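The residues making up each chain are set out below.
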Amino acid sequence: MRCRILRYCQSRLRWALVVVALIVFAKPLAAGDFSTQVMSATFKIIDPKSTATAFVLSRPLKGERGKPEQFESVLVTAAHVFELTEGNDVTLQLRSKKGEGDYQKLPMKLPIRARGKPLWFKHPSADVAAIRLSPPKEAEIPRLSLDLLADDSTYKKFELHPGDRIFGCGYPHQVEANAAGFPLLRSGVIATFPLLPAKTVKSYFADLNTFEGDSGSPVFFDETNRSYGGKAQPGAVRLILGIVIAQEFFDEEVKMHYGTIKARQRLGLAIVVPAEFIRETVQLVPPKP
């Protein structure tokens, strides 16, 4: 009887230690409401002829020992957004917080060319661009770590698959959620297979309603107690899965008595480039001295 009680106590003790370890050593990918954080780090890009979407990631800077860790901001969008802009700069519509629930637009001129040469960095094979961002101090931008960017190993570990619910936020047809200029959040599912390896797949479809203006939108995943490894795992899985670069269309010809009419139909599908290409693009941006 005493042995059984001892084994029971030891078992409970081991479980308690596991729980303590999870609480103490588990490093959350992001704190708080992840959807709100991603939305708050997503902004509209404006030029005289069009608009698009971009989001901000943060990476640590090398500093002196004993001093607080410093971070710099990197703006990510679809490469064609900058390539199709004719001028030397765009307007990035940031936001400032004036009080609880009180946000205001904070437009910032962002140079993207100097002497005809691009200041952004483009991925060699994917429609992804990144540029260093020095926002004004009053800009309200949450810190989204590069650790949130999924790669092949992340997709495998959490067993991401077609049918998984995902989210995206952007500015369809320039529409904003409110006067503060927040993006619109939409949800859908991963719509195609296979998803790996990213270098071979290069992009995949998401059943995520997408329009002009959504290019550059972040696509992310947020699920609690996800099942992988054969059982439900405690905690939240929060990842940036990729970036929207376009929507998919179906083109058809309608034959009529006096000619043929070409029609283009929207399919409600977003073309998503995996986050592995985002990470590689950000790595092309030299660290701030």
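All of these numbers come straight from a predicted model, not from anything done at the bench.

How each quantity is defined
- Residue numbering note: each chain is counted from 1, following its sequence as written.
- Whole-chain, interface and lining totals are the exception, using all residues; otherwise, since this is a predicted model, local features are given only for residues with pLDDT of at least 70 and side-chain atom pairs are given and counted only at 80 or more.
- Working from all heavy atoms in the structure, the side-chain values ignore hydrogens and water.
- Secondary structure elements follow DSSP: runs of H or I of four or more residues count as helices, runs of E of two or more count as strands, with numbering from the N terminus.
- Burial here depends on accessible area, computed with a 1.4 Å probe over protein chains only, as a share of the maximum for the residue type. Under 20% is buried, over 50% is exposed, and the range in between is partly exposed.
- What counts as a ring pair is set by centres within 6.5 Å for rings of Phe, Tyr and Trp (its six-membered ring), and what kind of pair is set by the plane angle: stacked under 30 degrees, edge-to-face over 60, tilted for all other angles.
- Geometrically, a lysine NZ or arginine CZ counts as sitting over a ring once it is within 6 Å of the ring centre and also within 35 degrees of the ring normal.
- When DSSP locates at least two bridges between a pair of strands, those strands are taken to pair.
- Throughout, an axis means a line fitted to C-alpha atoms (over the contacting stretch in the case of helices), and angles, computed between N-to-C directions, take values from 0 to 180 degrees.
- Throughout, a residue-residue contact means that at least one pair of heavy atoms, one from each residue, lies within 4.5 Å.
- Residue-level confidence of the predictor is what pLDDT reports, using numbers from 0 through 100.
- Here, a salt bridge means any Lys or Arg side-chain nitrogen found within 4 Å of an Asp or Glu carboxyl oxygen.

Caption draft 1: Quick look at the environment of Asp-151. Counting through the fold element by element, Asp-151 comes out in the loop between strand S9 (129–133) and helix H4 (152–157). Residue Asp-151 is classed as partly exposed on the basis of its relative accessible area, which comes to 23%. Measuring from C-alpha to C-alpha, the distance between Asp-151 and Ile-240 comes to 9.5 Å, with 89 residues separating the pair along the chain.

Caption draft 2: Inspection of the packing of aromatic side chains at higher detail. Per the counting criterion, the structure on display carries 5 aromatic pairs. For the ring pair Phe-167 and Phe-220, a centre distance of 5.5 Å and an interplane angle of 25° mean the geometry is stacked. Of this pair, Phe-167 sits in strand S10 (residues 165–170) while Phe-220 is found in strand S13 (residues 218–224), placing the two residues 53 residues apart along the sequence. In this structure, Arg-143 is placed above the aromatic ring of Phe-71, and the distance from its NZ or CZ to the ring centre is 3.8 Å.

Caption draft 3: Quick peek at the sheet that holds strand S5 (residues 102–111). Reading across from one edge, S5-S4-S1-S2-S3-S9-S8 is the order of the 7 strands in this open sheet, with antiparallel pairing throughout. With partners counted over all chains shown, the strands left at the sheet margins are S5 and strand S8 (121–122), one partner each. In this structure, strand S3 (residues 70–77) lies alongside S9, joined through 5 bridges in antiparallel fashion. When the bridges of S9 are listed, Val-76 appears paired with Ala-130.

Caption draft 4: Highlighting the sheet that holds strand S17 (residues 259–274). Taken in spatial order, the 6 strands line up as S10-S11-S12-S17-S16-S13 and close into a barrel, and their pairing is antiparallel. Averaged over neighbouring strand pairs, the angle between their axes works out to 45° when direction is ignored. Relative to strand S11 (residues 184–190), S10 is paired through 6 bridges, and the arrangement is antiparallel. Bridging across to S11, Phe-167 finds its partner in Ser-187. Across the sheet, helix H6 (residues 275–284) touches strand S16 (236–256) and S17, and the angle it forms with S17 is around 70°.

Caption draft 5: Examining the confidence of the model for the protein chain more closely. Chain-level statistics for the protein chain give a pLDDT mean of 87 and a share of 87% at 70 or above. The least confident element of the protein chain is helix H1 (residues 2–25), whose mean pLDDT is 38; the most confident is S8, at 98.

Caption draft 6: Representation of the pattern of salt bridges within the structure. All chains considered together, the criterion is met by 10 salt bridges. Where Glu-72 meets Arg-132, a salt bridge forms, and the shortest distance between an N and an O atom there is 3.1 Å. Placement of the pair is Glu-72 in strand S3 and Arg-132 in strand S9, with a sequence separation of 60 residues. A residue is classified by how much of its surface remains accessible, and Arg-132, at 30% relative accessible area, is partly exposed. A salt bridge links Arg-226 to Asp-164; the nearest nitrogen and oxygen atoms lie 2.8 Å apart. With Arg-226 in the loop between S13 and strand S14 (227–228) and Asp-164 in the loop between H4 and S10, this pair connects stretches of sequence that are 62 residues apart. By relative accessible area, Arg-226 is classed as buried at 3%. We classify Asp-164 as buried; its relative accessible area is 6%.

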